[in-house]
Amino acid sequence: MHDESFSHPTGRESCCPEIENFVDIVRRIRPPSQPMPHGTIDVYGGSTFLNGAAGGDHIIYLDFDERYDIDRRIRQATEAGNHSVAAKLAEIRGRLGILVADVSGHKITDALAAAMLHQAFLTGVLYELDRFGEVTTRLFENLNTRFHRSLSVEKYVTVVYGELSPDGTYQFISAGAPSPLVFSAEYDRFVTIGPDRLVSFFPLGMFPSEEDIDSSKHFGPLRTKPAYRVNQVNLMGHGDILLLHTDGLSELERDDGEAFFPLVLEQTLRRTANGSAREIYQAILDSARSFAPLSDELSMVVIKRMGSA
């Protein structure tokens, strides 16, 4: 996505061929630097890193209609007698999945954990579609198990994954990520979302899952995390904006303790809400950089409802 650090490598990146090769691999799994119009939804997002063009933040887009042959999958499921799977596959038509992740730490090599998540998630989605016809919470339980077993105790990954439907419904799972924000075009401000629709759980890898059937073989009586749950938010009106972001945005502050979030962020959206998702994204990024030097990687995805409900 749009980010000056993508086109201006730092001395650290160019210091050795190994790092250059590592960064090149990471770049190849990042989404393209372009808006993603999706029916009545306008989408644009990106990441800004502290150490060049690589780090622990990551974004994945799942345009189900573009990425997967839904018709063929439905036919195969029907022929195999898996009618519930076929029905679920029919329901995901027109949906756009978006994952925003943040690996703890600020080093270039934290991109390795992000790349692990990228491959594991997309491979898991294939199995989910084959077995269930949709992405379920089971995928995130399995990801949590794998990261808990493979990362060090100091490492974890915050994730928010959600799916946008053509009617503006946003269903999502949050694993320690900042809550999605909804800016209302009608009220010209952030709207309050009930806490029952913003339930967040521990990040991936922090604790074993209570649903891990093999946990007794590995963890014994350690603390476990409860099962993930799906939340739902509705973008009801023309011009409403949904903002997904990492804590590099929500925790940005000046040396005197003045915070960017939520007041300065809301003022920025108020000035630019009539623009495209890409214009809103760039305005927020410019405003954040002007407010204070970035002390953390910053990723965000701007999702704007263009049509009426």
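Below, the structure is looked at part by part.

Scoring rules and cut-offs
- Residues numbered from 1 in each chain as written.
- Predicted model: local features only at pLDDT ≥ 70, side-chain atom pairs only at ≥ 80, totals over all residues.
- Heavy atoms only, no water.
- Helix = DSSP H or I, 4+ residues; strand = E, 2+ residues; numbered from the N terminus.
- Buried < 20%, exposed > 50% of the residue type's maximum accessible area, 1.4 Å probe, protein only.
- Contact = heavy atoms within 4.5 Å.
- Areas by Shrake-Rupley, 256 points an atom, 1.4 Å probe, with all protein chains shown as cover.
- Patch = residues over 30% accessible without salt bridge, like charges linked within 9 Å, V, L, I, M, F, W, Y side chains within 5 Å.
- Salt bridge = Lys/Arg side-chain N within 4 Å of Asp/Glu carboxyl O.
- Lys, Arg positive; Asp, Glu negative; His and termini not counted.
- Charge placed at Lys NZ, Arg CZ, Asp CG, Glu CD.
- Expected span 1.5 Å × (residues − 1).
- Pairing = 2+ DSSP bridges.
- Axes fitted to C-alpha atoms, helices over the stretch in contact; angles between N-to-C directions.
- Core = buried A, V, L, I, M, F, W, Y, C linked by side-chain atoms within 4.5 Å.
- Phe/Tyr/Trp six-rings, centres within 6.5 Å; stacked < 30°, edge-to-face > 60°.
- Arc of directions from axis to C-beta.

**Focus: the overall build of the chain**
Reasoning step 1: Helix and strand counts for the chain come out as 12 helices and 11 strands.
Reasoning step 2: A total of 309 residues make up the chain; the buried ones form 54% of that total.
Reasoning step 3: Here the analysis covers contacts within the chain between residues at least 6 apart in sequence; of these, 75% occur between residues at least 24 apart.
Reasoning step 4: Approximately 14,500 Å² of the chain is accessible, and the part contributed by carbon and sulfur atoms is 51%.

**Considerations on a negative patch on the surface**
Reasoning step 1: A surface patch of negative charge is lined by E251, E253, D255 and D256.
Reasoning step 2: Structurally, the position occupied by E253 is in the loop between α10 (247-250) and α11 (263-272).
Reasoning step 3: Judged by relative accessible area, which is 46%, E253 ranks as partly exposed.

**Quick word on helix α12 (residues 277-291)**
Reasoning step 1: Given a rise of 1.5 Å per residue, 15 residues ought to cover 21 Å, and the 21 Å separating the end C-alpha atoms of α12 matches this to within 8%.
Reasoning step 2: A277, I280, Y281, Q282, A283, I284, L285, S287, A288 and F291 are the residues of α12 that are buried.
Reasoning step 3: Buried residues in α12 make contact with β1 (41-48), β10 (241-245), α10, α11 and β11 (298-305).

**Concerning the sheet that holds β10**
Reasoning step 1: Spatially, β1-β11-β10-β6-β7 is the arrangement adopted by the five strands of the open sheet, whose pairing is antiparallel. Edge strands, defined here as strands with exactly one partner in the open sheet, are β1 and β7 (189-190).
Reasoning step 2: Sheet topology places strand β6 (residues 181-184) next to β7; two bridges connect them, and they run antiparallel. Across the sheet, S184 pairs through a bridge with R189, a residue of β7.
Reasoning step 3: Against the sheet, α12 makes contact with β1, β10 and β11, and its axis sits at roughly 30 degrees relative to β1, the strand it touches most.

**Focus: the pattern of salt bridges**
Reasoning step 1: According to the stated counting rule, one finds 10 salt bridges in the structure shown.
Reasoning step 2: A salt bridge links D71 to R93, with the shortest nitrogen-to-oxygen separation between them at 2.5 Å. In this pair, D71 is assigned in helix α5 (residues 70-79) and R93 in the loop between α6 (83-91) and β3 (96-103), connecting sequence segments 22 residues apart.
Reasoning step 3: Residue D71 is classed as partly exposed on the basis of its relative accessible area, which comes to 42%.
Reasoning step 4: Overall, the relative accessible area of 37% leaves R93 in the partly exposed class.
Reasoning step 5: R270 is paired through a salt bridge with E266; the nearest N and O atoms lie 3.4 Å apart. In this pair, R270 and E266 both sit in helix α11, four residues apart, roughly one turn of the helix.
Reasoning step 6: The partly exposed category is assigned to R270, whose relative accessible area is 36%.

**A short note on the nonpolar core**
Reasoning step 1: Counting 36 residues, the largest nonpolar core has L99, L117, F121, F140, V157 and V159 as the members making the most contacts within it.
Reasoning step 2: Broken down by secondary-structure element, the contributors of at least two residues to this core are β2 (57-63), α5, α6, β3, α7 (111-131), α8 (137-150), β4 (157-164) and β5 (169-175).
Reasoning step 3: At seven residues, the largest contribution of residues to this core is made by α7.
Reasoning step 4: Not counting the four nearest positions on each side in its chain, F140 is found in contact with L99, F121, V135, V159, Y161, I173, L204 and Y228.

**Details of the environment of T192**
Reasoning step 1: Its location among the elements puts T192 in the loop between β7 and β8 (200-201).
Reasoning step 2: We classify T192 as exposed; its relative accessible area is 75%.

**Here's the deal with the packing of aromatic side chains**
Reasoning step 1: This model, assessed by the stated rule, comprises 10 aromatic pairs.
Reasoning step 2: A centroid spacing of 5.3 Å and a plane angle of 70 degrees characterise the contact between Y44 and Y281, whose relative ring orientation is edge-to-face. Here Y44 is found in strand β1, whereas its partner Y281 is found in helix α12, with 237 residues between them in sequence.
Reasoning step 3: A relative accessible area of 1% places Y281 in the buried class.
Reasoning step 4: Through a chain of ring-to-ring contacts, three or more aromatic side chains come together here, namely F121, F140 and Y161.

**A short note on helix α3 (residues 17-28)**
Every α-helix winds through 3.6 residues per turn, so residues three or four apart in the chain are directed the same way.
Reasoning step 1: Given a rise of 1.5 Å per residue, 12 residues ought to cover 16 Å, and the 17 Å separating the end C-alpha atoms of α3 matches this to within 8%.
Reasoning step 2: Along α3, the residues that are buried comprise F22, V23 and V26. Mapping the buried residues of α3 onto a view down its axis gives an arc of 95 degrees, with all of them on the same face. Exposed residues pointing more than 90 degrees away from the buried face of α3 are listed as P17 and R28.

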